[in-house]
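Survey of secondary and tertiary structure
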Amino acid sequence: MNKHILCLGILVADVVGRPLRAVPDPGRLVLVDEMSLHTGGCAVNAATALARLGLPVEIIGKVGSDPFGDFLVSALSERGIGSQSVKRDPEVGTSATMVMVEPDGERRFVHYIGANAQLILEDIDCSIFDNASIMHVAGSLVLPGLDGEPTAELLRRAKQAGVVTFLDVVWDDTGRWMELVGPALPYIDFFVPSLPEAKAITGHQDPTDAAQVLIEHGVGVVGLKMDSDGCLVMAGEGTVIRQPAFEVDVVDTTGAGDAFAAGFVAGVYQGWSLEKTARFANAVGALCVTGLGATGGVRSLEKTLDFMETTPLRN
């Protein structure tokens, strides 16, 4: 039996209305043409992409004992994603976002952090590591019950159990970047932030310098997401890989970073070289943006590999 990939982090129910032609005045109502319910959150997005790639994945997180929580758990099950480690909290609601899409595609968000804020180290049964090969922490810096020392301890326990550790962050409006991420860095085998996030964490504007600082703080491999510039991967002993992005028609960039992270996890899971892994991660991210929604364009492993071999790179 193949060992699982664990995705730990934020789980969100997204209520999407489109197109929002005007913001209603107090006490007024406006109509949209479409209203729909979707899964969201970094952990769900990454786990869904991994499942689409045909890999065994289980999710760790917390939702409320409410209809949104029922929806998320049901959606995970339908996608073949293990949800046994998703805790149900009767005291707080499931994290949710109202997404209002304007006619030009610009979006407005109203977010309720809910149960994601209540996930703590004590919620995680470390026996789950016994059947895991990789743990990907998706959504660090918006997990207040885990951010900082608890995340470092969780990663330490995972590594002690022989599990390869990944971590991705989201933008931290509080500005406590290194304060919260710093303790975890020595226990991260693969760190996959965006370039703006890496700059904010390290204080360095040059991608190579930012990656080098993270390596010096103990990270094994850094994979910087650089949007249309592809990615930069740095490992110890002077290994630096610059991988250009693929040429695609962009439909929706939602979830592209989570898809890239999933692609990187998949490459490591398959035992590929860093160069092939970086190229594959770019391919998963590129395909993601060709469809609507956080994982709309993500394809199977075979189709992604075919895309990777046949699609031209950006100049």
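See the structure shown above.
So, here is what we can say about the structure in this document. All values reported here derive from a predicted model rather than from experimental measurement.

Details of the side chain of Thr 295
Mapped onto the fold, Thr 295 is located in the loop between α8 (274–288) and α9 (301–310). Residues in contact with Thr 295, not counting those within four places in the same chain, are Asn 45, Thr 48, Ala 49, Arg 52 and Cys 288.

Some remarks on the sheet that holds strand β6 (residues 96–101)
Reading across from one edge, β3-β2-β6-β7 is the order of the 4 strands in this open sheet, with mixed pairing throughout. Two strands close off the open sheet at either side, each with one partner strand: β3 (34–40) and β7 (107–112). With strand direction ignored, the average angle separating the axes of adjacent strands in the sheet is 20°. Where helix α2 (residues 67–78) meets the sheet, it contacts β2 (12–18), β3 and β6, and its direction lies at approximately 65° from that of β3.

Description of the pairing of strand β1 (residues 4–9)
Counted residue by residue, β1 has 6 buried out of 6 residues, so it is predominantly covered. By the bridge criterion, 6 bridges tie β1 to strand β8 (residues 132–140) in an arrangement that is parallel. Residue pairing for β8: Cys 7 is matched across the bridge by His 136. As judged from the 4 bridges shared by β1 and strand β4 (residues 57–64), these two strands associate in the parallel manner. Within β4, the residue paired with Ile 5 across the bridge is Val 57.

Cut-off values and rules
- Residues numbered from 1 in each chain as written.
- Predicted model: local features only at pLDDT ≥ 70, side-chain atom pairs only at ≥ 80, totals over all residues.
- Heavy atoms only, no water.
- Helix = DSSP H or I, 4+ residues; strand = E, 2+ residues; numbered from the N terminus.
- Contact = heavy atoms within 4.5 Å.
- Pairing = 2+ DSSP bridges.
- Axes fitted to C-alpha atoms, helices over the stretch in contact; angles between N-to-C directions.
- Buried < 20%, exposed > 50% of the residue type's maximum accessible area, 1.4 Å probe, protein only.

Purely geometric stuff here, so don't read any function into it on its own.
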